[in-house]
Amino acid sequence: MHGTRIPQRKRLRLLIGDITRVAADAIVNAANSRLAGGGGVDGAIHRAGGPGIMRELDEIRARQGGCPTGSAVATSAGNLPAQFVFHAVGPVYRGGRAREAELLASCYRTCLEMAEERGLKKISFPSISTGAYRYPVDEAAEVALRAVAAHLTRENTRVEEVLFVLFDKATYDSYARVLKQLEY
Ligand code: ADP
């Protein structure tokens, strides 16, 4: 059969939970630019993944000195139920006029490109920057969901599923509200 090709709808799902417990091809971490390890989701990922992840980050740090805000680096995933961890560096929120939205969108886009390069199908994200980095959740949700929806509607994406694994109900509710408005 030839004729119209019906584009396959790619999935974007929201869950409440601990990102270290949800299987994916790549799990995204909310890291800092020194790749130094911290609290929040970063602490949980290193605890659950084991010390090998930090050893790989030590090598990356020795080679390139860290990771700029808005970008990400990849390591293996140790004991986590994934092949890779993508350590994305979100912006610290400073009122909204310091290119925060652009830098936050860039985190999501970079990680999705890294997934494409590796031919990965399923990637999970936490709510980058909305913890210690104080990005207002409603605003961050809009940036995050727009960036992911834009990627998933691309013709040539091989990513089939994007999960947001949100740690608390307030964050989940905020993402759910924004997703409904976007009508993805
Ligand atoms: P940032 O420094 O980028 O703000 P944080 O780790 O402080 O990163 O917070 C980002 C989000 O991750 C927050 O909503 C926080 O509640 C959430 N979080 C913390 N632990 C986990 C976890 N184990 N799984 C998923 N999300 C988590």
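So, here is what we can say about the structure in this document. (Residues numbered from 1 in each chain as written. Predicted model: local features only at pLDDT ≥ 70, side-chain atom pairs only at ≥ 80, totals over all residues. Heavy atoms only, no water.)

1. Remarks on the overall build of the chain
Then step 1. Regarding its fold elements, the chain presents five helices and six strands.
Then step 2. Going residue by residue from the N terminus, the α and β elements of the chain occur as β-β-α-α-β-β-α-β-α-β-α.
Then step 3. The C-alpha radius of gyration computed for the chain amounts to 16 Å, which stays within 12% of the reference 16 Å derived for 184 residues, consistent with globular compactness.
Then step 4. Projected onto its principal axes, the C-alpha positions of the chain cover 55 × 40 × 30 Å.
Then step 5. Considering only contacts within the chain whose residues lie at least 6 apart along the sequence, 72% involve residues at least 24 apart.
Then step 6. Accessible area for the chain stands at about 9,500 Å²; split by element, carbon and sulfur atoms hold 50% of it.
Then step 7. Taken as two groups, the 25 positive and 20 negative side-chain charges of the chain have centres that lie 1 Å from each other. (Helix = DSSP H or I, 4+ residues; strand = E, 2+ residues; numbered from the N terminus. Rg over C-alpha atoms; globule rule 2.2 N^0.38 Å. Contact = heavy atoms within 4.5 Å. Areas by Shrake-Rupley, 256 points an atom, 1.4 Å probe, with all protein chains shown as cover. Lys, Arg positive; Asp, Glu negative; His and termini not counted. Charge placed at Lys NZ, Arg CZ, Asp CG, Glu CD.)

2. Observations regarding the nonpolar core
Then step 1. If you look at the biggest cluster of nonpolar residues, it comprises 37 residues, and the most contacted ones within it are Tyr 108, Ile 123, Phe 125 and Phe 164.
Then step 2. Within the residue set of this core, elements represented by two or more residues are strand 1 (11–16), strand 2 (26–31), strand 4 (84–89), helix 3 (100–117), strand 5 (122–125), helix 4 (137–152), strand 6 (161–166) and helix 5 (169–182).
Then step 3. For this core, the element with the most residues is helix 4, which contributes nine residues.
Then step 4. What Ile 123 contacts, discounting residues up to four positions off in sequence, is Ala 24, Ala 26, Val 28, Phe 86, Cys 111, Leu 112, Ala 115, Val 159, Glu 161, Val 162 and Leu 163.
Then step 5. Among the nonpolar cores identified, the runner-up in size contains 18 residues, and Ile 19, Leu 35, Ile 60 and Val 89 belong to it. (Core = buried A, V, L, I, M, F, W, Y, C linked by side-chain atoms within 4.5 Å. Buried < 20%, exposed > 50% of the residue type's maximum accessible area, 1.4 Å probe, protein only.)

3. Brief notes about the site of the ligand
Then step 1. What surrounds the ligand is a group of 16 residues, the closest being Asp 18, Val 41, Ser 129, Gly 131 and Ala 132.
Then step 2. The contact in question runs from an oxygen atom of the ligand to an N or O atom on the backbone of Ala 132, over 2.8 Å.
Then step 3. Here the ligand occupies the largest pocket.
Then step 4. The element contributing the most residues to the shell around the ligand is helix 1 (residues 40–49), with three residues.
Then step 5. Among the residues forming the shell around the ligand, the class breakdown is eight nonpolar, six polar and two charged. (Near = heavy atom within 4 Å. Polar contact = N/O pair within 3.5 Å; in protein donor to acceptor, adjacent residues only side chain to side chain. 1 Å grid on protein atoms, 1.4 Å probe; cavity = no way out; pocket = protein on both sides within 12 Å on 5 of 7 lines; lining within 4 Å. Sits in = over half its atoms within 2 Å of the grid points. Nonpolar A, V, L, I, M, F, W, Y, C, P; charged D, E, K, R; others polar.)

4. Here's the deal with the environment of Val 165
Then step 1. Tracing the backbone shows Val 165 in strand 6.
Then step 2. Note on Val 165: relative accessible area 4%, which makes it buried.
Then step 3. Residues Val 165 and Ser 76 lie 89 residues apart in sequence; the distance between their C-alpha atoms is 19 Å.
Then step 4. Apart from residues no more than four positions distant in its own chain, Val 165 is found in contact with Leu 15, Gly 17, Asp 18, Ile 19, Val 22, Ser 124, Phe 125 and Pro 126.

5. Topic: the side chain of Glu 116
Then step 1. Its location among the elements puts Glu 116 in helix 3.
Then step 2. An unpaired buried charge is present at Glu 116: no salt bridge exists, and Arg 154, the closest side chain of opposite charge, is 4.3 Å distant.
Then step 3. Those residues in contact with Glu 116 that sit more than four places away from it in its chain are His 151, Arg 154, Asn 156, Thr 157, Arg 158 and Val 159. (Salt bridge = Lys/Arg side-chain N within 4 Å of Asp/Glu carboxyl O.)

6. Section: the layout of surface pockets
Then step 1. Counted as a void, the largest pocket has a volume near 610 Å³.
Then step 2. What lines the largest pocket is a set of 25 residues, among which Ala 30, Gly 40, Val 41, Asp 42 and Gly 131 lie closest to the centre.
Then step 3. Listing elements by their share of the lining of the largest pocket, those giving two or more residues are strand 2, helix 1 and strand 6.
Then step 4. Broken down by class, the residue content of the lining of the largest pocket amounts to twelve nonpolar, ten polar and three charged. (Points joined across faces, edges and corners; volume = space filled by probe spheres on them.)

7. Overview of the packing of aromatic side chains
Then step 1. Across all of its chains, the model carries six aromatic pairs by this definition.
Then step 2. The interplanar angle of 55 degrees and the centroid separation of 4.8 Å between the aromatic rings of Tyr 93 and Tyr 135 together place this pair among those described as tilted. Placement of Tyr 93 in the loop between strand 4 and helix 3 and of Tyr 135 in the loop between strand 5 and helix 4 is noted, with a sequence separation of 42 residues between them. For the pair Tyr 93 and Tyr 135, one class covers both residues: buried.
Then step 3. Aromatic side chains Tyr 108 and Phe 125 sit 4.8 Å apart centroid to centroid with 50 degrees between the ring planes, which places their arrangement in the tilted category. With a gap of 17 residues between them, Tyr 108 in helix 3 and Phe 125 in strand 5 connect regions that are remote in the sequence.
Then step 4. The class of Phe 125 is buried, set by a relative accessible area of 0%.
Then step 5. Clustering of aromatic rings is evident, with ring pairs tying together Tyr 108, Phe 125, Phe 164 and Tyr 175.
Then step 6. Sitting over the ring of Phe 84, Arg 118 keeps its end group 5.4 Å from the ring centre. (Phe/Tyr/Trp six-rings, centres within 6.5 Å; stacked < 30°, edge-to-face > 60°. Lys NZ or Arg CZ within 6 Å of the ring centre and 35° of its normal.)

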